[in-house]
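Secondary and tertiary structure notes
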Amino acid sequence: MTSPQDRLIIALDVNTLQAAKKIIDETSDFCTTYKVGLELFSACGPAAINLVKQAKARVFLDLKLHDIPQTVSAAIRQAVAQDVDFLTIHALGGSVMLKKASQEIGLQCKLRLLAVSVLTHHSDAEIKSMGFTQTSLELVLNLLQQAYQTGIRGCVCSPLEAPAVRAAFGPHMTIICPGVRPNGSASNDQSRIATPTMAIQNGADHIVVGRPITQAANIKQAAASVLREIQEGLYAKK
Ligand code: C5P
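Now for the overall build of the chain. On a plain count of helices and strands, the chain comes out with 12 helices and 8 strands. For 238 residues, the compact-globule formula gives about 18 Å, and the C-alpha radius of gyration of the chain, at 17 Å, lands near that figure. Buried positions account for 50% of the 238 residues belonging to the chain. Counted over contacts in the chain with a minimum sequence separation of 6, partners at least 24 positions apart contribute 69%.

Listed below in structure tokens is the structure:
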């Protein structure tokens, strides 16, 4: 069974191991997975992965891979060697890249690939200005369909899109939602957002929360409060 703590993923969007360790030390009672993203990985490399593993937590490596298929699968091989649990890949990389990535993981490996479709800071107007004619939801579903067909069974999407994603792919798709803002907190640069309770009710398996926790005056209190909001979502779903 997935505990409420397993549902929360905290984004370690900092640039030193010390800052990351401080967040982990303060929040390890409230979550079992930490996201190592571009900033921390560029600054500290695999030491950031080791830091999370030493805390006996799972690693979500958010590198949003998008390159030629050969390069992406070579990167995935390294992530597998480092015992990463979740790894993001851009669905916009196309079916050949996605298929090779999916084959690299195979059936034996515990690493779960997560297809990223449309980043949550994009508004519909911005998506249009990039030349896409579909609505953002249509684009999300098309991109995820392509990823699903190659064997990928995890995705990152906005909590507002989670109901449609769940309806389209059923229980075998792991849905992870960033763009989550606890009741009463600032939206920052995220535009398609929901509260933790709403995100869970909408079908998210896990939510990713960064700044509302990591930049809070009291990190422990902020994490505890997000966990309570997750629990409310789980009760409401029963
Ligand atoms: O601070 P905040 O809660 O907005 O952090 C959200 C995290 O989730 C960031 O690390 C960001 O890179 C990541 N993310 C996102 N939207 C996606 C995929 C990942 O915001 N579609």
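Strand order in the closed barrel made by the 8 strands is S1-S2-S3-S4-S5-S6-S7-S8, with parallel pairing throughout. In this sheet, adjacent strand axes meet at a mean angle of 25 degrees when their direction is disregarded. The pairing of strand S4 (residues 86–90) with strand S5 (residues 112–116) spans 5 bridges and is classified as parallel. Across the sheet, the residue bridging to isoleucine 89 is alanine 115, located in S5. Contacts from helix H5 (residues 69–81) reach strand S3 (58–65), S4 and S5 within the one sheet, and its direction differs from that of S3 by about 170 degrees. Of the strands in this sheet, S3, S4 and S5 are in contact with helix H6 (residues 95–105), which crosses S4 at around 165 degrees.

Glancing now at the pairing of strand S1 (residues 8–11). Where burial is concerned, the two faces of S1 agree: the one with Leu8 and Ile10 and the one with Ile9 and Ala11 are both buried. Here 3 bridges tie S1 to strand S2 (residues 33–36), and the two strands are oriented parallel to one another. Paired with alanine 11 across the strands is lysine 35, a residue of S2. With respect to chirality, the unit in which S1 leads through helix H2 (residues 17–27) into the neighbouring parallel S2 is right-handed.

On to the packing of H2 against helix H12 (residues 219–237), then. Running from N to C, H2 and H12 cross one another at 55 degrees; their axes reach a closest spacing of 9 Å. Viewed along their axes, H2 and H12 adopt a mutual orientation that is oblique. Considering only the axes of H2 and H12, their crossing is right-handed. Together, Lys22, Ile23, Glu26 and Thr27 of H2 and Ile219, Lys220 and Ala223 of H12 make up the contact between the two elements. Of the residues that constitute the contact of H2 with H12, the class distribution is 3 nonpolar, 1 polar and 3 charged.

The subject of this paragraph is the environment of lysine 237. Here lysine 237 is to be found in helix H12. For lysine 237, a relative accessible area of 45% gives the class partly exposed. In this structure, the C-alpha to C-alpha distance between lysine 237 and isoleucine 49, residues 188 residues apart in sequence, is 33 Å.

What follows concerns the pattern of salt bridges. One pass over the full model with this rule turns up 10 salt bridges. Residue aspartate 62 is joined to lysine 35 by a salt bridge in which the shortest nitrogen-to-oxygen separation is 2.7 Å. On the criterion of sequence distance, the pair formed by aspartate 62 in strand S3 and lysine 35 in strand S2 is long-range, its members being 27 residues apart. Per residue, the accessibility class of aspartate 62 equals that of lysine 35, and both read buried. Among the ionic pairs, arginine 77 bridges to glutamate 104, the shortest N-O distance being 3.0 Å. Of the two residues, arginine 77 is situated in helix H5 and glutamate 104 in helix H6; the sequence distance between them amounts to 27 residues. Residue classification places arginine 77 among the partly exposed positions, given a relative accessible area of 41%. Since its relative accessible area comes to 26%, glutamate 104 is described here as partly exposed. Beyond isolated ion pairs, a larger network of salt bridges with shared partners links Lys53, Asp83, Asp85 and Lys110.

Calculation criteria
- Residues numbered from 1 in each chain as written.
- Predicted model: local features only at pLDDT ≥ 70, side-chain atom pairs only at ≥ 80, totals over all residues.
- Heavy atoms only, no water.
- Helix = DSSP H or I, 4+ residues; strand = E, 2+ residues; numbered from the N terminus.
- Rg over C-alpha atoms; globule rule 2.2 N^0.38 Å.
- Buried < 20%, exposed > 50% of the residue type's maximum accessible area, 1.4 Å probe, protein only.
- Contact = heavy atoms within 4.5 Å.
- Pairing = 2+ DSSP bridges.
- Axes fitted to C-alpha atoms, helices over the stretch in contact; angles between N-to-C directions.
- Right-handed = clockwise from strand over helix to strand, strands pointing away.
- Parallel < 35°, antiparallel > 145°, perpendicular 65-115°, else oblique.
- Left-handed = near helix turned anticlockwise from the far one by under 90°.
- Nonpolar A, V, L, I, M, F, W, Y, C, P; charged D, E, K, R; others polar.
- Salt bridge = Lys/Arg side-chain N within 4 Å of Asp/Glu carboxyl O.

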